[in-house]
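One letter stands for each residue in the lines below.
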Amino acid sequence: MKKLTTFSCALITILPVLGHALTLEQALTSALDHSPEIHQQCARYQAVLETREEVTSNYYPQVSLHAAIGPEQTDYRGGQEVDEQLTRDEVGLRVSQLLFNGFETSANSQRLSHEAEAERWQLLASAENLALQVCETYINTRKAQTLLELSERHVQDHEAILTDVKGLTQNGYANDTDLAQVSARLANARASLIAAQNNLYDSHAQFMRVVGLSPQNLVTPIADASLLPDNLSTALDWARENHPQIQSALEDIEAAQEGVRASKSGYMPRLSIEGYASNNHDIGGLEGPEEDYRVMLVMEYDLYNGGRDKARAKAANWRYNESMEVRRNAEQQLIEGTRFAWNAVRSLQAQTSLLQNSVDASTLAESGYITQFKLGKRSLLDLLNAKVEVFSARKTYINTSQDLVLAQYRLLNATGRLGYSLRMIYPQQWQGEAQEQEDQQ
């Protein structure tokens, strides 16, 4: 087994060339490098690996050196009163090899291996959740940009109408009421524009916090439809089989089982071989050297320790019960989230199709109203209402269509496929030791 002596959480950063579009995949790569939560989870995973190395050190001999020097006063020796003061020095070497400790070392080593795997899966789950957060931030920012552009065109349309009405008023074909009506609609359009600008500023701030880059030249992402499930049953199966949160909970159960096995070690004896060699001088008031060499088979067995082993075993069993409930809770939440995502995708798909028809119909009606207004067959109010209808239809369609893309990404996240769909490349350390050994063969 190769020990990981260094650990890097950073991915291969693919930053956009200045002036080019920042894709969702590039934003995700930057977010993974930028996220404190991901680096924190990486450190936790590495800490468990090192803790396991600490436990497995019990398989190897333990060597310790003892040395001491100092004055020694001896008043009695062999029942006789003496008055001897010497400078005592000691040098000793102790070597011990553990032979058996009730399988505690092997159980704890296996427990920590499963805990490390649980942390690794939790790291992948954190990456999946971060990917969803990046998708939401990216889509919301792109949506805010699109809505701002729509609001700007809406203001420009009303400004053009106001200019035309002013000309008609000067020529006597319109009155001050018409002018006031257009001015009121223009004020509403400008208020909507200010709100859209504020929403974009908020989106930019969130984008910078999550991604760590400025949102420049964003493009509307498209979810990989080939990775989306065809039905709810398939979605639920994929969620149970693939989601890293479930895998992490299963590894926690295995770790708890090994903890139960380790807790039983107190009921068994501890065997070891110990070798000791010493070279001392002026010990016990006697001048001269004193040497001692011994090798012994040592057994230690607790006959009574106040019920400590019993309490330890009970605590381990309760931790196992806890891990079982954690897994059950994780599965329940995952199933609920998958159902929500599936229903949202289906509902938004139906809405998007209808809203596209609404945009097409309102745009066609607006075009007709403009023509009829110029011919005097439609009033100014009809034209202004048509403009607002088109603006509202397009705004609703933009919101719904972007929400649909986000719902698709949520469904991919629920089934554990979001990172794969975004072509995330994880560091080698994230693959686990089994994958690392396979790569080395």
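In short, a report on the structure. (Residues numbered from 1 in each chain as written. Predicted model: local features only at pLDDT ≥ 70, side-chain atom pairs only at ≥ 80, totals over all residues. Heavy atoms only, no water.)

Observations concerning the side chain of Thr415
Filter applied, for reference: Each helix is a run of H or I in the DSSP string that is no shorter than four residues. Each strand is a run of E no shorter than two, and both are numbered from the N terminus. Think of a polar contact as two N or O atoms within 3.5 Å of one another; within protein, one of them needs to be a possible hydrogen donor and the other a possible acceptor, and neighboring residues in sequence only count if both atoms come from side chains.
Within the secondary structure, Thr415 sits in the loop between helix H8 (380-414) and helix H9 (418-421). Within the structure, the side chain of Thr415 is placed 3.1 Å from the backbone oxygen of Leu411, a separation counted as a polar contact.

Remarks on the pattern of salt bridges
Rules: The term salt bridge refers to a side-chain nitrogen of Lys or Arg lying within 4 Å of a carboxyl oxygen of Asp or Glu.
Following the criterion strictly, the structure yields 22 salt bridges and no others. Taking the shortest distance from any N to any O, the salt bridge between Lys387 and Asp157 comes out at 3.8 Å. With Lys387 in helix H8 and Asp157 in helix H3 (residues 104-170), this residue pair connects regions lying 230 residues apart in the sequence. When salt bridges that share partners are traced, they join Asp237, Arg240, Arg327 and Glu331 into one network.

Some remarks on unusual backbone geometry
Counted only if it meets this: Only protein chains enter the accessibility calculation, which uses a 1.4 Å probe; a residue is then buried when its area is under 20% of its type maximum, exposed when over 50%, and partly exposed in between.
The phi dihedral of Phe103 falls on the positive side, at around 65 degrees, and the residue is not glycine. As for its placement among the helices and strands, Phe103 is situated in the loop between strand E2 (80-100) and H3. With phi around 60 degrees, Arg423 is a residue other than glycine that occupies positive phi space. With respect to the helices and strands, Arg423 occurs in the loop between H9 and helix H10 (432-440). Judged by relative accessible area, which is 52%, Arg423 ranks as exposed.

Comments concerning the state of the cysteines
Short version of the rule: Disulfides are defined in this document as cysteine sulfur pairs within 2.5 Å.
One pass over the full model with this rule turns up 0 disulfides. Free cysteine Cys135: the closest other cysteine sulfur is in Cys42, separated by 19 Å. Assessed through its relative accessible area of 0%, Cys135 is described here as buried.

Observations regarding the sheet that holds strand E4 (residues 286-300)
Backbone-to-backbone hydrogen bonds join strands into a sheet, with any given pair of strands oriented parallel or antiparallel. Threshold: We call two strands paired when DSSP finds no fewer than two bridges between them. Note on definitions: angles span 0 to 180 degrees between N-to-C directions of axes, and those axes are lines fitted to C-alpha atoms, for helices only across the stretch in contact.
On the basis of which strands lie adjacent, the open sheet formed by 4 strands has the order E1-E2-E3-E4 and antiparallel pairing. Of all the strands in the sheet, just strand E1 (62-77) and E4 have a single pairing partner and so form its edges. Direction aside, the axes of adjacent strands within the sheet are offset by 15 degrees on average. Examined bridge by bridge, E2 and strand E3 (residues 270-283) share 9 bridges and lie antiparallel to one another. Opposite Gly92, over in E3, you have Ser278 as the bridge partner.

Here we look at H8
Just so we agree on the cut-off: Given a helix with a known number of residues, its expected span is that number minus one, times 1.5 Å.
The terminal C-alpha atoms of H8, which comprises 35 residues, lie 51 Å apart, in line with the 51 Å expected from a rise of 1.5 Å per residue. At the exit of H8 stands Gly416, carrying a positive phi of roughly 75 degrees.

With respect to the pairing of E4
With 13 bridges joining them, E3 and E4 adopt antiparallel strand pairing. Counted as the bridge partner of Ile283 is Leu286 from E4. The antiparallel pairing of E3 with E4 creates a hairpin that spans 2 residues between the two strands, and Gly284 there sits at a positive phi of about 65 degrees.

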